Structure formats: C-alpha cells, structure tokens
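For reference, the chains in residue letters:
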Amino acid sequence: MNKQSKPLHLRPKDPKKTLMRLFGYFRYNKGLFFGGILFTILGTLAEVASNAMLSPIIDAFIERKDGRTLLGYFIIMGLFVIIIALGQYLGNLFMIKLSQKTVHRIREDMFSHMEKLPISYFDRHSHGDLMSTFTNDVDMLTQSLEQGISQLTISIITVVGTFAMMIYISPILTLLVAVMLLIMFGAIKYIGQKSAVNFRNQQAALADMNGYVEEIMSGQKVVKVFNYEKRAIDIFNRKNEELRKASTQASTYGTMLMPIMGNLSYVKYALVSMAGAFLVIKKVLSVGNIASFLQYTRSVSRPITMFSNQLNTLFAALAGAERIFNVLDEEVEIDQGDVTLVKHDDKGGYYWKVPKNNEEYEEIPLRGYITFKDVNFSYEEGKPVLKNINLHAKPGQKIAFVGSTGAGKTTITNLINRFYEINEGTILFDGIDIKRIRKYDLRSTMSIVLQDVHLFEGTIKDNIRYGRLDATDEEVMEAAKLANAHYFIKNLPQGYDTMLTADGMNLSQGERQLLSIARAAIADPTILILDEATSSVDTRTEKLIAEGMDKLMDGRTTFVIAHRLSTVRDADTIMVLEHGKIIERGNHEELMQLKGRYYELNTGAAELE
Ligand SMILES: Nc1ncnc2c1ncn2[C@@H]1O[C@H](COP(=O)(O)OP(=O)(O)OP(=O)(O)O)[C@@H](O)[C@H]1O
Ligand SMILES: [Mg+2]
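Rules behind the numbers
Position numbers for residues start from 1 in each chain and track the written sequence from start to end. As a convention, the first chain written is A and the first ligand written is 1, with the rest following in written order. Local features in a predicted model are, by the rule used here, given only for residues with pLDDT of at least 70; side-chain atom pairs are given and counted only at 80 or more, and totals for whole chains, interfaces and linings are based on all residues. Strands here mean DSSP runs of E at least two residues long; helices mean DSSP runs of H or I at least four residues long; both are numbered from the N terminus. To get the radius of gyration, use the C-alpha atoms; to get the globule rule, take the number of residues to the power 0.38 and multiply by 2.2 Å. The C-beta atom of each residue is placed using the backbone, and any residue whose C-beta lies within 6 Å of a molecule or strand is treated as near it. The residue classification treats Ala, Val, Leu, Ile, Met, Phe, Trp, Tyr, Cys and Pro as nonpolar and Asp, Glu, Lys and Arg as charged. All others, Gly included, are polar. Take the residue count of a helix, subtract one, and multiply by 1.5 Å to get its expected span. Here a residue counts as buried when 20 or more other C-beta atoms fall within 10 Å of its C-beta, as exposed when 12 or fewer do, and as partly exposed in between; the C-beta atoms come from the backbone. Whether two strands pair comes down to DSSP finding at least two bridges between them. To obtain each axis, a line is fitted to C-alpha atoms, and for helices this fit is confined to the stretch in contact; angles are then taken between N-to-C directions over 0 to 180 degrees. Angles below 35 degrees are treated as roughly parallel, those above 145 as roughly antiparallel, those between 65 and 115 as roughly perpendicular, and all remaining angles as oblique. Crossing handedness follows the turn of the near helix against the far one: under a right angle anticlockwise gives a left-handed crossing, and clockwise gives a right-handed one. Residues are treated as contacting if the C-beta atoms built from their backbones sit within 7 Å of each other. Here the bounds of each domain stem from an automatic or database domain assignment. To define a nonpolar core, we join buried Ala, Val, Leu, Ile, Met, Phe, Trp, Tyr and Cys residues through C-beta atoms within 7 Å and take the resulting set. Note on scores: pLDDT gives the predictor's confidence for each residue, bounded by 0 and 100. By arc we mean the arc of the directions from the helix axis to the C-beta atoms, nothing more.

Draft legend 1. Representation of the overall build of the protein in the model. Scanning the protein from N- to C-terminus turns up 20 helices and 15 strands. The C-alpha radius of gyration computed for the protein amounts to 35 Å, which surpasses the reference 25 Å derived for 609 residues by more than 25%, pointing to a less compact arrangement than a globule. Projected onto its principal axes, the C-alpha positions of the protein cover 120 × 60 × 55 Å.

Given below as structure tokens:
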C-alpha cells in the first residue's frame, strides 16, 4: 500500500470557481454578510467624505479667518468620526461572526463527508495530508475570510469614492495620480506572481514536514525498536531545510512589496504636491483643495498596498480552500442499494424487503446464506488479489480461511461487508446480490472482529456499546460475559467505567481482543467475521478468547480467519487460500487425508501452531 502525499504544489486550478463556491456558503448567513458589507461601506464612505472636509476647513481658516463656520465644520467632522468608528466596528464584528459560522459549517461538511468516503480513499491518502487540510487549510481560510471581505469592500469603496472626489477637485491632478497608480500596479503584479509560486512551495513544504512528524510520532515504538531515530532525524532535517528555503523565498518576495510600494507612494505624493503648488500659484485651485487632494492621493494607494500585502495570504487561503473542496468533491461510497431490512415483530425477526416492478415488494427472511460466484478482485488495477473465488455458506455454518500471509484472507472478508467493490462475479446474501442491498442495512447484519483491534477514547462501556448504540448497561455486561471479558473488566479499578486512552494502549493485547469480541457480540449479528489476531497471547487468555469466540459464533454464519489450529478444527468447511485462489476445501479430516497444503501447514509449518 503506497500512500502518496497529495500534490500540494499545484496552483489553485480555478480560483474563480473556488471563490464562488466559498461565497456560496454565505447564503446560510445572508443577514451577517449583507449587514457586514453595509456597515463597512458606511464607515468607508464616511471616511472618504471626511477627507473632503479638509478643503473648506483650511480655506475658512486661511482665506476668510471665519471662526464660527470653522466650529460648525469641526462638529460635522466629529460626527463623521463617530460614523467611521461605528461602521468599521460593526462591519468587522459581522464579518468575524460570518467567517466563524462559515468555517464551522465547512468543518461540519468535511467531517460528515469524510465519514461517507470509501475505505479505498484512506488507502490512497495519507492521514497527515487530510489532517493538514482539516487544520492548516481551514485556519488559513478563517483568517482570510475574517479580514478579506471587509478589506475588499473597503478597498473598492475607497478607490471609487476617492477617485470621484479627486476628479471633482482636479481632473488634471487625477490623471497624474492615475499614471502613478498604473506603475504601482505593474510592480504589484510582477511581484505578486513571483510570490504566489513561492508561497505555494512553502505550504507544500510545511505539509510535507508536518506529515512526517505525525507519521514518526505515531510510530515511535517502531522507530525505537529498529533504532531508526538517527535516520528519522536526518530525513526530518532535510525536510526542515526545504521548508526553511521555501519560507525564506516566500517571505523575501512578500516583504519586498512593502518598501517598493512605499517609495513609489512618496514619489507620487511629491509629484502631486509640486503640480498642485503650481496650480495654486496659477490660482486654479485653493490651498484647501490641494490639502484635500493630497489626503486623497494618500488614501487611494493605501487600500491597494494593503490588498497587495494580503495577496500572499489570499493565494494560500484559496489554494487551501481548493484542497478543502477537493476533499468535499471526493466521490462517496457508491450505494445504489434498494433492498432494505425490515423488522416484523409479529412474524418474528428481520426480512429483506426486495422491490419488484410495479411498486411491489417481495419479503425474504434474513437467514445468513452467503455465496461467492466467480469473484475476482484487485485493490489496484492490474494486480489481481482474488481470483475466481467460489464458496457457499449456509446459515449457522462456520467457514474458515487458512493460508500464508498475503494470500487474501482478510480481503475476502472486506468484500462481504462491501468495504471494497468487486471487479467481477457476484456475492449473494440470502440469494440477493449484495450490490442491491443498502450498505447501512447490510452492515447492520454483520459484526467484525478485526485483525488489529481499534479502540476509541472513552470508557470500556462506551467501547463495547460501539457495536450497538442503544444497548443498555445490562446488555453491555451480558455481552462482556459472553465474550469472557467480564472477569478482567470487573478487576479494573473503575470496572466498566474505566477510561481507555486512544487506541486502548493501557490494555494488554489479549484484553483488547476480548473487548472487541464483546463489541461484536452486542450487535447480535447474523454474519460474523473473525479475523484472528496474529499476535500471540498467553495460553490462559488464549483459552478465554477461544471460548468467547465459540460462544459468539454459535448459531451465526461465521467466517473465521484462523491462525490457531484450535479455531479451525471444528469448522464446517476450511478453505485453503494461496495467492488469491482457493486451492483446497473440505473439513479437517478430509483435508488431512488429502495430504496437501493444509496437511503441510498442520504438520510442518509453524503458522498454525
Ligand atoms: N488496501 C490495500 N491496498 C492494496 N493492496 C492491498 C490492500 N490490502 C491488502 N492488499 C494486498 O492484497 C493481498 C492480500 O492481502 P490480505 O490482507 O487479504 O492478506 P491476508 O491473507 O489477510 O494476510 P495475513 O494473514 O497476513 O493477514 C496482499 O498482497 C496485500 O499486499
Ligand atoms: Mg489478514
């Protein structure tokens, strides 16, 4: 299995589409969105207008020396200041709420989508990448949303408003400013392009390093056992160095922009001042006009510099948003099942409800027949793992799979519960093609005890109840007793309420297996799949596990992948798998007489001991 990191280096393929999709999320909070924009516009307009006040104030003072008019202007100015502050404050507040709600929803969508993805998705993608999208990309998006929209609004309103006022004061000077702005734009565009590439490289390097740290962190035991530390450090150092280089480049271009823009701004200011002074001497404009105009000159470039400063972050956020949407667009498990499971208390038990033509239904009782017909399967195209598998299990029968490692035993069971879709052939459940059965209903009839037990953070009780969420405490205990887990649980300090750490590290292998048997038992499944753990436990625990499994198997169609002879001996049929093919089948006596592979495994090899 080769999990590869996603190619993070890619440019946002379609920034416009990503942006539109992002904006689509605002439809859930229209009030906040429009309210935020409205207040921001109000504050910005007030700011633009307040600059215009400079002109009459200065002229009233210099030319007319009129104190009363001056006081009136000051009061108006004060009002403007209040409107500006209020508008900006409320605008920001609304935008923060909007972005938090939006991101909250995106996270919700992502998680629920992740839960619908097929197992094969997780084979193809590293956990680190997915985690990084969940955390880094979402974080980045939050920041950009919080500031991006208001800044964009402020920029547009300021630029448009200011230009209008400038043209009103002096079209000629406005032309001069426009030429200077064009030059500045050119610079931004050039540097922006350079830094976007660098920034993406930086993000990719960061994700790469994070993924590595996570991988090594979760594999500490393996690292230590194999003395891999030095090599791990070397690899980490290399990735760290790559990140340093990428970040330095990204930041260099990022910080170049500010001084360049700043200097160009000064040049522009000086040019306008000179031209303005000339116009005042020629009596075309008043001193107040020039004061206002210069103020506008300054404020027209500020939003542009501000925006260009944000460009990096914006690019990164967009690329992140695209990765988020990529996860969301990932195809979910196909489920066209129209056969459902219904319960008829009067007739006793469950029935498959199979739709026929003309809205009629046929009801087939849930029994537990499983049939494989010429099944072929491969995880990756061109590498067949199972070849021409045929088998038939009757209700209550025990079918055992044996065979060397990698033969395809676990794979067969992965197909029964439809973790993966088969390439050819059919699998029938009570005579119904399992492709026709709704996955939820199919899986509700099955329990699996996986080869490697997975426990979740929570109490022992919660972990057993995972098998059936509405089970009562009594039923939990009942299941634990059946699984032979009750005894060890009782002896824990807090009994059934003992907290397990993530993955149950504070339990022994054997105890974890007993717990997983209890979990399977509580679901009271029709089909049971036991993938016996290869790890060995002490003989007493082994006996407990074997007994627990026996009780659990009673009366259910069971597929058991056995590594211990004791588990196999009493199976109705034993299938010997080799390289994805069933090479021998029969019960223990028959196979022993055959003196084939099974006989070899039993007498020679240690695998079944
Ligand atoms: N998710 C996967 N993606 C690609 N190949 C896989 C995947 N899982 C298993 N394989 C391959 O399929 C083959 C069969 O694997 P499987 O897990 O079924 O073996 P097994 O018989 O259960 O072995 P073991 O006794 O070690 O558990 C192996 O060659 C394995 O490398
Ligand atoms: Mg296996």
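Draft legend 2. Quick peek at the site of ligand 1. Around ligand 1, 13 residues are found, and the nearest of them are Tyr379, Thr405, Lys409, Thr410 and Thr411. Per element, the largest residue contribution to the shell around ligand 1 is three residues, and it comes from helix 11 (residues 409–416). Among the residues making up the shell around ligand 1, the classes are represented as four nonpolar, six polar and three charged.

Draft legend 3. Molecular detail of helix 2 (residues 30–52). Relative to the 33 Å expected for 23 residues at 1.5 Å per residue, helix 2 spans 33 Å between its end C-alpha atoms, a close match to the ideal helical length. Those residues of helix 2 lying buried are Leu32, Phe33, Gly36, Phe39, Thr40, Gly43, Thr44, Glu47, Val48, Asn51 and Ala52.

Draft legend 4. Structural context of the sheet that holds strand 13 (residues 557–561). Read across the open sheet, the six strands follow the order 9-12-13-6-14-15; overall the sheet is mixed. At either margin of the open sheet sits one strand with a lone partner, and together these are strand 9 (446–449) and strand 15 (581–586). Neighbour to neighbour, the strand axes of the sheet diverge by 15 degrees on average, direction disregarded. As paired strands, strand 14 (residues 573–578) and strand 15 are joined by five bridges and run antiparallel to one another. If you follow leucine 577 over to strand 15, its bridge partner there is isoleucine 582.

Draft legend 5. Looking closely at the packing of helix 2 against helix 4 (residues 67–116). Where helix 2 contacts helix 4, the axes come no closer than 7 Å and their chain directions differ by 155 degrees. Considering the angle they form, helix 2 stands roughly antiparallel to helix 4. Once helix 2 is placed against helix 4, the crossing between them reads as left-handed. Contacts from Leu32, Phe33, Gly35, Gly36, Phe39, Thr40, Leu42, Gly43, Ala46, Glu47, Ala49 and Ser50 of helix 2 reach helix 4 at Met77, Phe80, Ile83, Ile84, Gly87, Gln88, Leu90, Gly91, Phe94, Met95, Lys97 and Leu98. Residues of the contact of helix 2 with helix 4, tallied by class, amount to 14 nonpolar, eight polar and two charged.

Draft legend 6. Fine view of the pairing of strand 6 (residues 398–402). Of all five residues making up strand 6, five are buried, and the element is well covered by its neighbours. Alternating residues of strand 6 divide into Lys398, Ala400 and Val402 and Ile399 and Phe401, and every residue in both groups is buried. Bridging between strand 6 and strand 13 involves four bridges; their strand directions are parallel. Its bridge partner being in strand 13, lysine 398 is matched across the sheet by threonine 558. Relative to strand 14, strand 6 runs parallel, the two being bridged by four bridges. The residue bridging phenylalanine 401 from the neighbouring strand is methionine 575, located in strand 14.

Draft legend 7. Focus on the environment of glycine 555. Relative to the helices and strands, glycine 555 is located in the loop between helix 17 (539–553) and strand 13. Residue glycine 555 is classed as exposed on the basis of its 11 C-beta neighbours within 10 Å. Along the primary structure glycine 555 and glutamate 241 are separated by 314 residues, whereas in three dimensions their C-alpha atoms are 60 Å apart.

Draft legend 8. Seen up close, the domain arrangement of the protein. According to the domain assignment, the protein contains domain 1 (15–201 + 249–329) and domain 2 (370–603). The distance between the C-alpha centroids of domain 1 and domain 2 comes to 60 Å.

Draft legend 9. Geometry of the environment of glycine 31. In this structure, glycine 31 sits in helix 2. Between the alpha carbons of glycine 31 and alanine 187 there is a distance of 38 Å; along the sequence they are 156 residues apart.

Draft legend 10. Region of interest: the nonpolar core. In terms of nonpolar packing, the biggest core is built from 66 residues, with Ala400, Val402, Ala480, Ala483, Ile517, Ala518 and Ile574 touching the most fellow members. No other element matches helix 16 (residues 509–522), which puts seven residues into this core. Among all residues touching isoleucine 517, those that are not within four sequence positions of it are Val449, Ala483, Ala485, Gly548, Met549 and Leu552. Grouped together as the second largest cluster of nonpolar side chains are 31 residues, Phe199, Ala250, Phe315 and Leu318 included.

Draft legend 11. Seen up close, the confidence of the model for the protein. When pLDDT is averaged along the protein, the result is 86, and 95% of the positions lie at 70 or above. Low pLDDT, under 50, characterises residues 1–10; the stretch is placed with 16 contacts to residues that sit more than four places away or in other chains.

Draft legend 12. Quick look at unusual backbone geometry. We note that arginine 418 has phi near 60 degrees; this positive angle belongs to a residue other than glycine. Relative to the helices and strands, arginine 418 is located in the loop between helix 11 and strand 7 (424–429). Owing to 22 C-beta atoms within 10 Å, arginine 418 belongs among the buried residues under this scheme. Positive phi, close to 50 degrees, is recorded for histidine 579, a residue that is not glycine.

Draft legend 13. Structural context of the sheet that holds strand 7. Taking strand neighbours across the sheet as the criterion, the four strands line up as 5-4-7-8 in an open arrangement whose pairing is antiparallel. The open sheet terminates on both sides in strands that have one partner only, identified here as strand 5 (386–393) and strand 8 (432–433). One ladder, built from five bridges, connects strand 4 (residues 370–377) with strand 5; its direction is antiparallel. Directly across from phenylalanine 377, in strand 5, lies its bridge partner leucine 386.

Draft legend 14. Layout of helix 3 (residues 54–62). Every buried residue belonging to helix 3 is among Leu54, Ser55 and Ile57, and all of these are buried. Buried residues of helix 3, viewed axially, fall in a sector of 170 degrees; they line one side.

Draft legend 15. Geometry of the packing of helix 4 against helix 6 (residues 127–169). Their axes nearest at 8 Å, the elements helix 4 and helix 6 cross at an angle of 155 degrees. As the angle between them shows, helix 4 and helix 6 are arranged roughly antiparallel. Where helix 4 crosses over helix 6, the two elements pack in a sense that is right-handed. Of helix 6, the residues touching helix 4 (which contributes Gly91, Asn92, Met95, Ile96, Ser99, Thr102, Val103, Ile106, Arg107 and Met110) are Phe134, Val138, Leu141, Thr142, Leu145, Glu146, Ile149 and Ser150. Its residues assigned to classes, the contact of helix 4 with helix 6 shows ten nonpolar, six polar and two charged.

Draft legend 16. Expanded view of the environment of isoleucine 437. Among the structural elements, isoleucine 437 can be located in the loop between strand 8 and helix 12 (439–444). With 23 C-beta atoms counted inside 10 Å, the residue isoleucine 437 sits in the buried group. Isoleucine 437 sits 98 residues away from valine 339 along the chain, and the two C-alpha atoms are 4.5 Å apart.

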